[in-house]
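Chain by chain, the residues:
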Amino acid sequence: MKIDCIIVEDEPLALERAQSYVMKLSFLNLLRGFDNAVDALVFLKTNQVDLIFLDINMDKLSGIQLLEAADIKSEVIITTAYDEYALKGYELNVTDYLLKPFTFERFVQAVDKAQNNLTRNNIRQDKKFVFVKTEYRLEKLLLSDIIYIEGMRDYRKIHTVNKQVMTLQTFKDFEEEIPPHIICRVHKSYMVALDKIDSIERDGIKIKNVFIPISETYKKLFFQLIK
């Protein structure tokens, strides 16, 4: 699978090195290289990109500000000489964090992570059902039948259109299997099927006369999805 990527880097030598690394990997398709984040932001408004190699310290608009300003769905590999931004980068769900000067081998490791994420996401997009561990069996559930998933201490209760299923599988398990545009995490204790929502009221969701809270952690992603 071809991976369309861009490089955002304001140091000419670092940009040249990153471009040379990209050219060594035949499955990477370099669309553009940018020496500032403003031009990259304009490009991303109208172009779909799978992977972004992103510097942090840049004039006018930093890499962090770019991630905060734009609705970035691409895989993002941060490239920087400063390690103090690592925590902020991971809060923004970046794929990897490369400290300059990084080797080609370390570059490949980061790209492998992005490739694995993209492959897994492509598989998820076509998913129609999940198998859920319950009691001593694996039960098949159609995603279109799930209304919401509720956390109950060690268990998750899956509410469907015709039954309820209890499982020890975690929310993380479900998030890795199910595309968020179908069933989205909205709270530490809830995931909801977007097409089953009746209304959204303040910081909560109404589904079948059940009120489900939306926490700050998941609010941004949730409202992006419903738009």
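The structure this text deals with has already been given above.
Residues numbered from 1 in each chain as written. Predicted model: local features only at pLDDT ≥ 70, side-chain atom pairs only at ≥ 80, totals over all residues. Heavy atoms only, no water.

### Here we look at the sheet that holds strand 4 (residues 75-80)
No. 1: The sheet built from 5 strands is open, its strands ordered 2-1-3-4-5 with parallel pairing. Sheet topology places strand 2 (28-34) and strand 5 (96-99) at the edges, where each strand pairs with a single neighbour. The mean angle between the axes of side-by-side strands here comes to 20°, regardless of whether they run parallel or antiparallel.
No. 2: Pairing geometry for strand 3 (residues 51-55) and strand 4, over 5 bridges, is parallel. Its bridge partner being in strand 4, Leu54 is matched across the sheet by Ile78.
No. 3: Packed onto the sheet, helix 2 (residues 37-46) meets strand 1 (3-8), strand 2 and strand 3 and runs at close to 130° relative to strand 2. (Pairing = 2+ DSSP bridges. Helix = DSSP H or I, 4+ residues; strand = E, 2+ residues; numbered from the N terminus. Axes fitted to C-alpha atoms, helices over the stretch in contact; angles between N-to-C directions. Contact = heavy atoms within 4.5 Å.)

### Thoughts on the packing of aromatic side chains
No. 1: Applying the stated criterion across every chain yields a total of 10 aromatic pairs.
No. 2: Ring pairing ties together the aromatic residues Tyr21, Phe53, Phe102, Phe104 and Phe107, which thus form one cluster.
No. 3: Looking at Lys140, its charged tip hangs above the ring of Phe129, at a distance of 4.4 Å from the centre.
No. 4: Taking NZ or CZ as reference, Arg156 lies 5.7 Å from the ring centre of Phe171, over its face. (Phe/Tyr/Trp six-rings, centres within 6.5 Å; stacked < 30°, edge-to-face > 60°. Lys NZ or Arg CZ within 6 Å of the ring centre and 35° of its normal.)

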